[in-house]
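Commentary on secondary and tertiary structure
What follows is each chain in one-letter form.
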Amino acid sequence: MASQLLLLCAILWLAGAIAGLSGFITIGRILLALGTAIGVLPTIIGLPAATRAFVLPGQIMGEAVAFRLDPEALWLMGFGLVPAGFACALMSPSERGSQGWIFGAAISLLGALGVFGLQNGAALIVAWELMSLGGAVMILSENFDPSRGRTVLFMLALLEVGAVALVLAIAILGLHASSLGFGPFIHGASTLSYAVVIGIGLLLLIGFGAKLGLLPFYEWFPGAYGSGSGASGAILSGVVLNAAFFALSRSLMEWLPVGPDGGFPILAVIVIVVATVSAILTILYAFQQDDWRCLLSFSSAENASIAVAALGASMLFRSYQLLDLAGLAWTVALLHLAGHALAKGTLFIAADGLRRANGNYAIAYSGAGSHWLFGAGAVLAAMSLAAMPPVAGFVSEWYVFQTVFQGFSLPYLGGRLTLALTGAGLALTAAIAFATFVKVIGLGVLGRDAKRPAPIQSTYSISVGLMGLAVLALGVGMPLWLPALGGATSRLFGSVVTNLMHDGPILVPLTAKFAFISPSLLIVVMPLLALIPIAFIVLSRRRPIRRTPVWYGGLAPDPIRASTTALTFSNAMRTFYSFVYRPTADTAQDGDAQGYFVRKLVFEHDVAPVFGPLLFQPAVRAVQALARKLRLLQSGHLNFYLGLIGILLVLILGLTLV
């Protein structure tokens, strides 16, 4: 049944793409949304087991291509498709680009489906490229940023670097396995030296990390996400991000050997270190953004990095045969990305709702009025991303910390030290994430700057409210959700680890003697604790509320000038971490001919990227220098072209004679 539903889902997406290109916008949007809704059903039906494998018609490079969704693929795809469904139903705010957006969304979703289920290396590369192409088409079809072409080219350039790394890794594995099927990869990799395994692992980390936003690839996130709508962001940070993590997890955990016999698992440590540093840098840059889409894009890279850190911890534990701890860490990564997909999709849709009311994506006093559902959903999603109880993000990050705290179980100091430093880095990340989403909600949602605020459309309020409630349901109902991953942990680690992660309504990291928490009980206790401030409010009703203007240096305050902005909120952190941000400020003025009177004063500020000046700009200059040299080939002289053709023919003749 699940396989038939997946086939129907793919057919609907293809039909939606054709309808969108043909100009039938409403039909295309309905087909996309219906396809995503049907795509969620196999998750409900199939878990905790995998879907039935079937062979696709045709061959690639002389090999048949099988398709099967493992339990972890069903989990990640199902939670990623929920915000994608709302994004497709509401669609991009850019009406002029609707045709291209529908086509791009359909291609991206089809590519993600292929990454989740295809069992062949060449087919995986094709699906991977479809995801990249679909994302680029979605962003290019929208008209929010005049420089979107440059940002999309930058995105595609970095993603193609990752694609080249993937091609090399799969080619090496396929050469030793004499096949491009994933099954033979495992046997072929077992014959390689650990140095070669590390090299392949690094290629896979670069390839899949390009979409996950691991350093240095996170630098394409703000430009690309910031050039599109929240609907595009909901798809890219949900199902696409989850597909990239699934591919990385499958390749590192299944294709490659566990680690060197009796040696130190260098690859696992590299994964942990790269992910931890990426999480710290991305959340630091997220805190400085004043655009909803740019901030949420950096946050997506941060959450993906946390999941990859948990994946690295799983590799580290497994290399020492601590299979229960390895299963715990791996399951935690899946839980974290499920909650992230729901919460991030909620806030991207909220950003679109605010943009329709205000006309921009700025994180500022919005002046937009909304239904209480909108505010409740946005707050719940922000609470999850800030790891506040009792929502999903709190549960997964609590599990992450409990996992790395158990590094004392490792037999050697190197592994213990690695996880101890990882815990410290993730603690810093969590603290900055909390401040980041206080800024987002406090200024972007709760702030009001108009006597008669523009209303947010009811469709956005309902969508944000429903997804926010889903984030709460995932966290509170975690003891009920965990058994869905029992089949996945049993297949990879030999035991149903999820049974050890809860004791009734209480969540535990394998044992209640180490730590425990219960969001299911918190949802009951927290309303009872809320009775205390409610009682104070009731008792103080006799005293009227005193309202007074904000202190503004003793002067009559201007509400606009005296208000807290996104930049003033984060300026203290910018100053403290100036060695990371390296803030820049430029002032330019336009005056009359004599220069006595200033007509316009322009002030620009930014934070300098870490890898742009050191890595990307030199690469761009090298390509430009090479292009200038190759311009000689476009001289326009016919004799020159004939000479080149003659030399080519001589070379071909020489090769045939040899």
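Above: the structure in question.
Given the structure is predicted, the values throughout are model-derived calculations rather than measurements.

**Comments concerning the overall build of the chain**
The helix and strand tally for the chain stands at 25 helices and eight strands. With the principal axes as the frame, the chain shows a C-alpha extent of 100 × 80 × 55 Å. Residue burial in the chain is summarised as follows: out of 658 residues, 54% are buried. Partitioning the contacts of the chain with sequence separation of at least 6, the portion at a separation of at least 24 is 78%. Averaged over its 34 positive side-chain charges, the chain has a centre that lies 7 Å from the centre of its 25 negative ones.

**Some details on the state of the cysteines**
Applying the stated criterion across every chain, the model contains zero disulfides. Counting only cysteine sulfurs, Cys9 is the nearest neighbor of Cys88, a cysteine outside any disulfide, at a range of 10 Å.

**As for the packing of aromatic side chains**
All chains considered together, the criterion is met by 26 aromatic pairs. Centroid distance Tyr218 to Tyr285: 6.4 Å. Interplanar angle 35°. Geometry classified as tilted. Of the two residues, Tyr218 sits in the loop between helix H8 (194-212) and helix H9 (221-225) while Tyr285 sits in helix H11 (residues 266-287), which places them 67 residues apart along the sequence. Tyr285 matches Tyr218 in its accessibility class, with the two residues each being buried.

**Regarding helix H3 (residues 71-90)**
Side chains three or four residues apart in an α-helix point the same way, a direct result of the helix having 3.6 residues per turn. Taking 1.5 Å per residue as the helical rise, H3 with its 20 residues ought to reach 28 Å, and the 29 Å between its terminal C-alpha atoms agrees with that figure. Maximal helix bending in H3 amounts to about 25°, located at Val82; proline Pro83 follows within four positions. Immediately downstream of H3, the backbone of Met91 shows phi near 65°, a positive value.

**Examining unusual backbone geometry**
Following Leu47, the chain continues into Pro48 via a peptide bond in cis, with omega recorded as 5°. As for its placement among the helices and strands, Pro48 is situated in the loop between helix H2 (25-46) and strand E1 (54-60). Between Leu215 and the following residue, Pro216, the backbone shows a cis peptide bond with an omega angle of 5°. Structurally, the position occupied by Pro216 is in the loop between H8 and H9.

**A short note on the side chain of Ser314**
Among the secondary structure elements, Ser314 is positioned in helix H12 (residues 292-319). Setting aside residues up to four positions removed in sequence, Ser314 forms contacts with Met253, Ala326, Ala329, Trp330 and Phe493.

**A look at the pattern of salt bridges**
Tallied over the entire structure, the rule returns five salt bridges. The residue Arg491 makes a salt bridge to Asp70 at a minimum N-O spacing of 3.8 Å. With Arg491 in helix H19 (residues 486-493) and Asp70 in the loop between strand E2 (63-67) and H3, this pair connects stretches of sequence that are 421 residues apart. A relative accessible area of 3% means that Asp70 is categorised as buried. With its nearest N and O atoms 3.4 Å apart, the salt bridge here joins Arg491 to Glu254.

**Concerning the side chain of Glu142**
Turning to its location among the elements, Glu142 is positioned in the loop between helix H5 (121-140) and helix H6 (148-177). Although Glu142 is buried, it forms no salt bridge, and the closest oppositely charged side chain is Arg293 at an N-O distance of 6.9 Å. Polar side-chain contacts of Glu142 include one of 3.2 Å to the side chain of Trp101.

**What to know about the packing of helix H1 (residues 2-21) against H2**
Where H1 meets H2, the axes come as close as 8 Å, and the angle between the chain directions of the two elements is 165°. Here H1 is positioned roughly antiparallel relative to H2, judged by the angle of their axes. Of the two possible hands of crossing, H1 and H2 adopt the one that is left-handed. Looking at the contact of H1 with H2, its residues break down into 18 nonpolar, six polar and no charged.

**With respect to the environment of Gly444**
Mapped onto the secondary structure, Gly444 falls in helix H16 (residues 413-444). Between the C-alpha atom of Gly444 and that of Glu142, which follows or precedes it by 302 residues, the distance is 23 Å.

**Brief notes about the nonpolar core**
Trp75, Ile235, Phe245 and Tyr399 are the most contacted members of the largest nonpolar core, which totals 208 residues. Among the elements that line this core, the one with the most residues is helix H13 (residues 323-358), at 20 residues. Filtering out sequence-adjacent residues up to four positions away, Trp75 remains in contact with Thr43, Leu47, Leu334, Leu335, Ala338, Trp481, Ala484 and Leu485.

**Things to note about the packing of helix H17 (residues 458-476) against helix H20 (residues 519-539)**
Packed helices, taken two at a time, are described by the angle between their axes plus the distance between the axes. Across the interface, H17 lies against H20 with an axial gap of 7 Å and an inter-helix angle of 120°. On the side of H17, the interface is formed by Leu472, Gly475 and Val476, while H20 contributes Pro519, Ser520 and Ile523. Split into classes, the residues belonging to the contact of H17 with H20 amount to four nonpolar, two polar and no charged.

**With respect to the environment of Ile44**
Within the secondary structure, Ile44 sits in helix H2. Put simply, Ile44 and Ala2 are 42 residues apart on the chain and 9.1 Å apart in space, counted from C-alpha to C-alpha.

**Examining the environment of Ser108**
Within the secondary structure, Ser108 sits in helix H4 (residues 98-117). Separated by 27 residues in the primary sequence, Ser108 and Gly135 place their C-alpha atoms 6.1 Å from one another. Once residues within four sequence positions are removed from consideration, Ser108 is found in contact with Leu130, Met131, Gly134, Gly135, Met138, Ile235 and Val240.

Parameters and conventions
- Residues numbered from 1 in each chain as written.
- Predicted model: local features only at pLDDT ≥ 70, side-chain atom pairs only at ≥ 80, totals over all residues.
- Heavy atoms only, no water.
- Helix = DSSP H or I, 4+ residues; strand = E, 2+ residues; numbered from the N terminus.
- Buried < 20%, exposed > 50% of the residue type's maximum accessible area, 1.4 Å probe, protein only.
- Contact = heavy atoms within 4.5 Å.
- Lys, Arg positive; Asp, Glu negative; His and termini not counted.
- Charge placed at Lys NZ, Arg CZ, Asp CG, Glu CD.
- Disulfide = S-S within 2.5 Å.
- Phe/Tyr/Trp six-rings, centres within 6.5 Å; stacked < 30°, edge-to-face > 60°.
- Expected span 1.5 Å × (residues − 1).
- Bend = angle between axes of the 7 residues up to and from the residue.
- Salt bridge = Lys/Arg side-chain N within 4 Å of Asp/Glu carboxyl O.
- Polar contact = N/O pair within 3.5 Å; in protein donor to acceptor, adjacent residues only side chain to side chain.
- Axes fitted to C-alpha atoms, helices over the stretch in contact; angles between N-to-C directions.
- Parallel < 35°, antiparallel > 145°, perpendicular 65-115°, else oblique.
- Left-handed = near helix turned anticlockwise from the far one by under 90°.
- Nonpolar A, V, L, I, M, F, W, Y, C, P; charged D, E, K, R; others polar.
- Core = buried A, V, L, I, M, F, W, Y, C linked by side-chain atoms within 4.5 Å.

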